[in-house]
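Each chain is listed here by its residues.
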Amino acid sequence: MLVHKYSHRANTRKHSIMSFHEAAPLARISVTVPISIVVPTYRECENIPHIFNRVRALRDSQNIEIELIFMDDKSNDGSVEAVAAIGEDWVRIVERNGERGLSPAVIDGFQLAQHPVLICMDCDLSHPPEAIPQMVLALASGQEFVLGSRYVKGGSTDDDWGFFRWLNSRIATLLAAPLTSARDPMSGFFALRKESFDHARDLSPVGYKIALELIVKCDVDNVAEVPIHFQDRMHGESKLTLKEQLNYLKHIRRLYIHRFANAMYFLQFMIVGASGVVVNLLTLSLLLWLGASDSVGLVGGIAVSVVSNFLLNRRFTFSYARDRNPWKQFVGFVSASGLGMAVNYSVALYLSKYALPDGQGSIYLAALAGIGSGMIFNFLGNRFVVFRKRFIKDNAKNI
Ligand SMILES: Nc1nc2c(ncn2[C@@H]2O[C@H](COP(=O)(O)OP(=O)(O)O)[C@@H](O)[C@H]2O)c(=O)[nH]1
Ligand SMILES: [Mg+2]
């Protein structure tokens, strides 16, 4: 069996393939460190006895100290009874109170876990527990995070994955590419040290992609991938709904902001600015169509686009500050725009008069430089003054 390992930072990708099998075939891997397996469950009573049997077989054959924790969200389907019927002291089920969710369930489970190595896996037998020793071995060899992966050599999925499920998974993985170079960061089967987990900052577990959340928030430097065959679930139904898939977009935006904070704010600010151009022109056309004069049309276009830019920036770009007084922010926003225009004009004038050689095109170059400076001034003014951050620690909740 191969283990693929590389740095998660896309631009320093070290995709060296490490073959642990040369050192130790599966049967000879001995795992001496105790491990906590956390299994998020929602309506999985049929699967619980099967996954227990597979984990017990692993525990007995390899003599590994294991605790198995099912983190259930009030399924009320007999899951609690199924775990009680197992009657082993190393197996327990925790009934969570409060909002249901896969990622918070996993995080709660990791907090409760007693052992130094943490594993997360689905309850539906999609993830083979037999790969766990290989994953633990990769951790022991210095990797910080190990994924059970469908997309590295030797990994696979059941054949009846439809085209759309495959496409969906691929697009989701592509969106995660700036955050990690792992091939399968969407995997719900992974291992890390409890110590790394304890260092996670600003965990905000939305959605399904808890591995990606941890890779980013634990600031993991290297990720290894152990190939697995991902089997379709045996019993019960998938809980991955369309809503969860949309949540993924929210999640990925938060992770981008976490990792590339100012670049992301700037990008969003530019997108909003571009939308303002469209709003401006549409308003102008509408007013002219209604019979307004040119000057009324132009003023109307500017006014409406300033308001729409403000609202969109407040809602999206600088959403962490949206609990503050909007009127004050609006005055700040308009003032920053005004000053930005003054910067724009001054830079353009200075360049065209003193810095650029006379000649055709110079004025356009000066105008472009003016626009760039004005925009940057505008962005900085909004980011650091109008919508400045007050409580760094609270940001994750507000984004
Ligand atoms: N505790 C908890 N577990 C969940 C929740 N949603 C899904 N799960 C579990 O998370 C794992 C992955 O979910 P699954 O439906 O198999 O998603 P899929 O593999 O993407 O189709 C399974 O073990 C589910 O029982 C939830 O809201 N709370
Ligand atoms: Mg599943």
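Residues numbered from 1 in each chain as written. Chains lettered and ligands numbered in written order. Predicted model: local features only at pLDDT ≥ 70, side-chain atom pairs only at ≥ 80, totals over all residues. Heavy atoms only, no water.

Here is the rule we go by: UniProt positions are given in the numbering used here, feature names are shortened, and annotations may be inferred rather than shown by experiment.
In the annotation of an unreviewed UniProt entry, the entry for the chain reads Glycosyltransferase family 2 protein, and the organism field reads Aliiroseovarius halocynthiae. Turning to the chain, the UniProt annotation filed under Sequence similarities (unreviewed entry) states: "Belongs to the glycosyltransferase 2 family."

## Focus: the packing of aromatic side chains
Spelled out, the test is: Stacked, tilted and edge-to-face pairs are distinguished by plane angle, under 30 degrees for stacked and over 60 for edge-to-face with tilted covering the rest, among Phe, Tyr and Trp rings (Trp via its six-membered ring) whose centres lie within 6.5 Å. Numbering of helices and strands runs from the N terminus, with a helix taken as a DSSP run of H or I at least four residues long and a strand as a DSSP run of E at least two residues long. The criterion is that NZ of a Lys, or CZ of an Arg, lies within 6 Å of the ring centre and within 35 degrees of the ring normal, and then a charge sits over that ring.
Evaluation of the coordinates by the stated rule reveals 19 aromatic pairs. Ring centres of Phe52 and Trp90 lie 5.7 Å apart, and the angle between their planes is 35°; on these two criteria the pair is classed as tilted. On the criterion of sequence distance, the pair formed by Phe52 in helix 2 (residues 48–62) and Trp90 in the loop between helix 3 (79–86) and strand 5 (91–95) is long-range, its members being 38 residues apart. Taken together, the ring pairs in this structure connect Tyr265, Phe266, Phe269, Phe310, Phe318, Tyr320, Phe330, Phe333, Phe379 and Phe387 into an aromatic cluster. For Arg100, the ring lying beneath its charged end belongs to Tyr42, and the centroid distance is 3.8 Å.

## What about the pattern of salt bridges?
Spelled out, the test is: By convention in these notes, a salt bridge is any Lys or Arg side-chain nitrogen within 4 Å of a carboxyl oxygen on Asp or Glu. Here the term buried applies to any residue with accessible area under 20% of the maximum for its type, exposed to any over 50%, and partly exposed to those in between, with areas from a 1.4 Å probe on protein chains only.
Using the criterion set out here, one finds nine salt bridges in the structure. A salt bridge links Arg54 to Glu130; the shortest N-O distance between them is 2.9 Å. Here Arg54, found in helix 2, pairs with Glu130, found in the loop between strand 6 (117–120) and helix 5 (132–140); they are 76 residues apart in sequence, far enough to count as distant. Glu130 gets classed as partly exposed once you look at its relative accessible area, which sits at 33%. Each of Glu44, Asp124 and Arg233 takes part in salt bridges that share partners, so that together they form one network.

## Brief notes about the side chain of Lys217
Note the threshold: Distance and chemistry together define a polar contact, namely a pair of N or O atoms within 3.5 Å, with one atom able to donate a hydrogen and the other to accept it when in protein, and with adjacent residues in sequence counting only for side-chain atoms on both sides. For this analysis, residues touch if any pair of their heavy atoms sits within 4.5 Å.
Looking at where Lys217 falls in the secondary structure, it is placed in helix 8 (residues 210–217). A relative accessible area of 4% means that Lys217 is categorised as buried. A polar atom in the side chain of Lys217 sits 2.8 Å from the backbone oxygen of Asp202. For Lys217, the side chain forms a polar contact with the side chain of Ser204, separated by 3.4 Å. With residues near it in sequence (within four places) discarded, Lys217 still touches His199, Ala200, Arg201, Asp202, Leu203, Ser204, Leu255 and His258.

## Remarks on the packing of helix 6 (residues 163–175) against helix 9 (residues 242–259)
Selection criterion: Interaxial angles span 0 to 180 degrees and are taken between N-to-C directions of axes, which are lines fitted to C-alpha atoms, for helices over the stretch in contact. Any angle between 65 and 115 degrees counts as roughly perpendicular, while under 35 counts as roughly parallel, over 145 as roughly antiparallel, and the rest as oblique. Crossing handedness follows the turn of the near helix against the far one: under a right angle anticlockwise gives a left-handed crossing, and clockwise gives a right-handed one. Each residue receives one of three labels: charged for Asp, Glu, Lys and Arg, nonpolar for Ala, Val, Leu, Ile, Met, Phe, Trp, Tyr, Cys and Pro, and polar for the others, Gly being one of them.
Close contact between helix 6 and helix 9 brings their axes to 11 Å; oriented N to C, the two are set at 15°. In this view, helix 6 runs roughly parallel relative to helix 9, as classed from their interaxial angle. In this structure, the crossing between helix 6 and helix 9 has a hand that is right-handed. Contact residues: Asn168, Ala172 and Leu175 in helix 6; Gln245, Tyr248, Leu249, Ile252 and Tyr256 in helix 9. Among the residues forming the contact of helix 6 with helix 9, the class breakdown is six nonpolar, two polar and no charged.

## A closer look at helix 4 (residues 102–112)
Of all the residues in helix 4, the buried ones are Ser103, Ala105, Val106, Ile107, Gly109 and Phe110. Buried residues along helix 4 sit in contact with strand 3 (35–41), strand 4 (66–72), strand 6, strand 9 (190–193), helix 7 (194–198) and helix 8.

## What about helix 11 (residues 294–317)?
Given 3.6 residues per turn, any residue in an α-helix points the same way as the ones three and four places further on. Heads up, the condition is: What a helix is expected to span follows from its residue count: subtract one and scale by 1.5 Å.
The terminal C-alpha atoms of helix 11, which comprises 24 residues, lie 32 Å apart, in line with the 34 Å expected from a rise of 1.5 Å per residue. Taken together, the buried positions of helix 11 are occupied by Gly297, Gly300, Gly301, Ser305, Ser308, Asn309, Phe310, Asn313, Arg314 and Thr317. Tucked inside the fold, the buried residues of helix 11 contact helix 10 (261–289) and helix 12 (326–355).

## A short note on the nonpolar core
Most often, soluble globular proteins have nonpolar side chains that are buried together. The following threshold applies: Nine residue types can take part in a nonpolar core, namely buried Ala, Val, Leu, Ile, Met, Phe, Trp, Tyr and Cys, and a core is a set of them joined through side-chain atoms within 4.5 Å.
Counting residues in hydrophobic clusters, the biggest one holds 36 residues, and the most contacted among them are Ile37, Leu68, Phe70, Ile119 and Ile132. When residues no more than four places from it in sequence are discounted, the contact partners of Phe70 are Val39, Thr41, Ile48, Ile51, Val83, Val91, Arg92, Ile93, Val94 and Cys123. Of all hydrophobic cores here, the second largest spans 24 residues; its members include Met71, Val94, Leu147 and Phe197.

## Concerning the confidence of the model for the chain
Heads up, the condition is: Known as pLDDT, the predictor's confidence for each residue is given on a scale from 0 to 100.
Within the chain, residue pLDDT values average 87, and 90% of them lie at 70 or more. Note that residues 8–27 has pLDDT below 50 and, in this model, 49 contacts with residues that lie over four places away or in other chains. Within the model, the stretch residues 392–399 combines pLDDT values under 50 with 13 contacts to residues more than four positions away or in other chains.

## Overview of unusual backbone geometry
A positive phi angle, near 50°, is found at Lys74, a position not held by glycine. Residue classification places Lys74 among the partly exposed positions, given a relative accessible area of 41%. The backbone of Leu125 sits at a positive phi, close to 70°, despite the residue not being glycine. If you trace the backbone, Leu125 turns up in the loop between strand 6 and helix 5.

## Section: a positive patch on the surface
The following threshold applies: Surface patches are drawn from residues lacking salt bridges whose relative accessible area is over 30%; two like charges belong together within 9 Å, two nonpolar side chains (Val, Leu, Ile, Met, Phe, Trp, Tyr) within 5 Å. Computed with the Shrake-Rupley method and a 1.4 Å probe, the accessible areas treat only the protein chains shown as cover for residues. Working convention for charge: Lys and Arg count positive, Asp and Glu count negative, and His plus the chain ends are omitted. In plain terms, the charge of a residue is placed at NZ if it is Lys, CZ if Arg, CG if Asp and CD if Glu.
Where like charges cluster on the molecular surface, the positive patch consists of Arg43, Arg100, Lys243, Lys250, Arg315 and Arg322. Looking at where Arg43 falls in the secondary structure, it is placed in the loop between strand 3 and helix 2. Its relative accessible area of 48% is what places Arg43 among the partly exposed residues.

## Considerations on the site of ligand 1
Worth spelling out the cut-off: Any residue with a heavy atom lying within 4 Å of a molecule or strand is counted as near it.
Neighbouring residues of ligand 1: 18 residues in total, closest Glu44, Asp73, Arg100, Ser238 and Lys239. Pro40 is positioned with one of its backbone polar atoms (N or O) 2.7 Å from an oxygen atom of ligand 1. A distance of 2.8 Å is found between an oxygen atom of ligand 1 and a side-chain nitrogen or oxygen belonging to Asp124. Here ligand 1, which alone exposes 570 Å², has 93% of that area covered by the protein. Taken together, the elements giving at least two residues each to the shell around ligand 1 come down to strand 3 and helix 4. Of the residues assigned to the shell around ligand 1, the class counts are eight nonpolar, three polar and seven charged.

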